[in-house]
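Residue strings, one per chain:
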Amino acid sequence: MSNIVIVGTQWGDEGKGKIVDLLAEYVDIVVRFQGGNNAGHTMVVNGEQFISHIVPSGILQGKTCLIGNGMVVDPAVLLEEIDYLGSMGIDVGTDKIKISEKAHLIMPHHKQIDIARENMNGNTKIGTTGRGIGPCYEDKAARTGIRFTELLDQKVFSEKLSAVLEEKNFYIKNFLNAEIIELNRIIDQYNSYAERLAPHVANVSVLIDRAGKAGKHVLFEGAQGTHLDIDHGTYPYVTSSNTVAGNACCGAGIGPQEISGVIGIVKAYTTRVGEGPFPTELFDETGDKIQKKGAEFGATTGRKRRCGWIDIVMLRNSVRLNGLSGLVITKLDVLGGLESIRLCVDYTYKGEILHDFPASLKVLAECEPVFETMPGWSEDISNIRQTEDLPENARNYINRISKLVEVPICIVSVGPGRDETIVINNPFL
Ligand code: GDP
Ligand code: IMO
Ligand code: MG
């Protein structure tokens, strides 16, 4: 049995959706273990694009998709996604999509608080996706959250919601100056969601355990990226969950011994959506060029992504924090046509070399990248399927990344399509 975790190594949008969809062919189950519809995972199959926000990216391959207890789920968005997939002829039956009974529900007040806070905070805002992610995880930690198991019991649900909403509405009205949420409307709305989603609700931990005992393979799909992790990311400019591989265990309900490998996805350059420091950010023509060629717009909010050179200090951090056994380099095609390419291999801070990613945001904001420069290539590489056919400079570039962090490359992606891929070492074969 192979159970592999796939995580983003940067600030999200590394191409996790594409790689999970590609590798889902070789597994029986795909599980998401954290985050919610702040994620936007893009899959392109036969020229058709699909963006998944909640349902794991194994759904197009017809695999069983599990929503783990570590996720926060907006039931309205999930139902929309299920309906959309169904309308495309994809099997979204109750045995294909299962939701953990312990996953927390994103409620209308979570979204309301997220958006109103961001509006109020002006210059100090995080730049969240406005999907209610932070406020939902806050309630989970405060032990006042509502889970799917409570949603399925109408009496328990209305009791919990009315107790919680009194406090939330006080805060929404008096502190945030925003519109309060009406209890009865939400109860009716969520009861209708419960009716449709009830057959999907299950004990996900038990399902994974049974599958493992039957010799099945499981792929754990991370969302966001290592540097958006609540503990290890650029706090407070992070999301509200642990995005690192270790959380696959907590967020799916399995033990660490079940994990056999961890693959880190790294974009051939760096992007970031939202606020926060970004040492290798480009503010020049090259940055614009990468943004345009890479079509770097957020898959969830449509915001323009900030672009910069690859940051090996960040990647080194991700290798250690996730225990990466393999690397996938994506969007290598986007760098074609640049005369030279830069890799940030260290930082300097107040004249001294910093080899490791700092915890202090103030320090990070003052770090200067130490760059290595390599020659670029001009050829279009999107039709290449073997590493040896890549232009020498492209090959040298990816080998340099691998050497700097001492992790082998297993896949190189040269276009958004499932087939636009060079597979060097399939982790499931
Ligand atoms: P995720 O959140 O990590 O799943 O990544 P997103 O889907 O948000 O963003 C990645 C974007 O890059 C999507 O539009 C993908 O279709 C696209 N993409 C993925 N891999 C490649 C690649 O190798 N080359 C190009 N040009 N685009 C890619
Ligand atoms: P995928 O899975 C990129 C960013 C937001 C913001 C911060 C906090 O597609 O890689 P939140 O709504 O989570 O409270 O926002 O995190 N963010 C992402 N950036 N990709 C994502 O997901 C992201 N999910 C959250 O832009 O800066
Ligand atoms: Mg994304």
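Keep in mind the model is a prediction, meaning the values are calculated, not measured. (Residues numbered from 1 in each chain as written. Chains lettered and ligands numbered in written order. Predicted model: local features only at pLDDT ≥ 70, side-chain atom pairs only at ≥ 80, totals over all residues. Heavy atoms only, no water.)

*Asks:* Give a detailed account of the domain arrangement of the protein chain, specifying residues and quantitative values.
*Replies:* If you check the domain split of the protein chain, you get domain 1 (3-100 + 201-261), domain 2 (104-197) and domain 3 (267-423). If you average the C-alpha positions of domain 1 and of domain 2, the two centres end up 23 Å apart. Every contact between the two is made by 26 residues of domain 1 and, on the other side, 20 residues of domain 2. Buried area between domain 1 and domain 2, summed over both chains or domains, comes out near 2,000 Å², and the portion from carbon and sulfur atoms is 64%. The three residues of domain 1 that bury the most area against domain 2 are Val72, Pro75 and Leu79, which together make up 28% of that side's buried surface. Taken together, domain 1 and domain 2 are joined by 2 salt bridges. We note a salt bridge from Lys111 to Asp74, for which the minimum N-O separation is 3.2 Å. (Domains from an automatic or database assignment. Contact = heavy atoms within 4.5 Å. Buried area = accessible area lost by both parts, 1.4 Å probe. Salt bridge = Lys/Arg side-chain N within 4 Å of Asp/Glu carboxyl O.)

*Asks:* Lay out the state of the cysteines in plain terms, naming residues and giving numbers.
*Replies:* Here the structure, examined in full by the defined rule, presents 0 disulfides. Just so you know, Cys136 is unpaired, no disulfide at all, and the nearest cysteine sulfur is the one on Cys250, 17 Å from it. Distance from the sulfur of Cys344, which forms no disulfide, to the nearest cysteine sulfur (Cys367) is 8.8 Å. (Disulfide = S-S within 2.5 Å.)

*Asks:* Residue-level account of the sheet that holds strand S1 (residues 3-8), with values.
*Replies:* With mixed pairing, 10 strands are arranged side by side in an open sheet as S9-S7-S5-S2-S10-S1-S11-S15-S19-S20. One side of each edge strand has no neighbouring strand; the edge strands of this open sheet are strand S9 (201-202) and strand S20 (421-423). Pairing between strand S19 (residues 409-413) and S20: 3 bridges, direction antiparallel. When the sheet's bridge partners are listed, Val412 is paired in S20 with Ile422. (Pairing = 2+ DSSP bridges. Helix = DSSP H or I, 4+ residues; strand = E, 2+ residues; numbered from the N terminus.)

*Asks:* Report on unusual backbone geometry, specifying residues and quantitative values.
*Replies:* Cis geometry is adopted by the peptide bond preceding Pro236, which originates at Tyr235 and carries an omega value of 5°. For Pro236, the location among the structural elements is in the loop between strand S10 (218-221) and helix H9 (247-252). A positive phi angle, near 65°, is found at Arg143, a position not held by glycine. The backbone of Ala295 sits at a positive phi, close to 45°, despite the residue not being glycine. As for its position among the elements, Ala295 is in the loop between helix H10 (285-293) and strand S13 (306-308).

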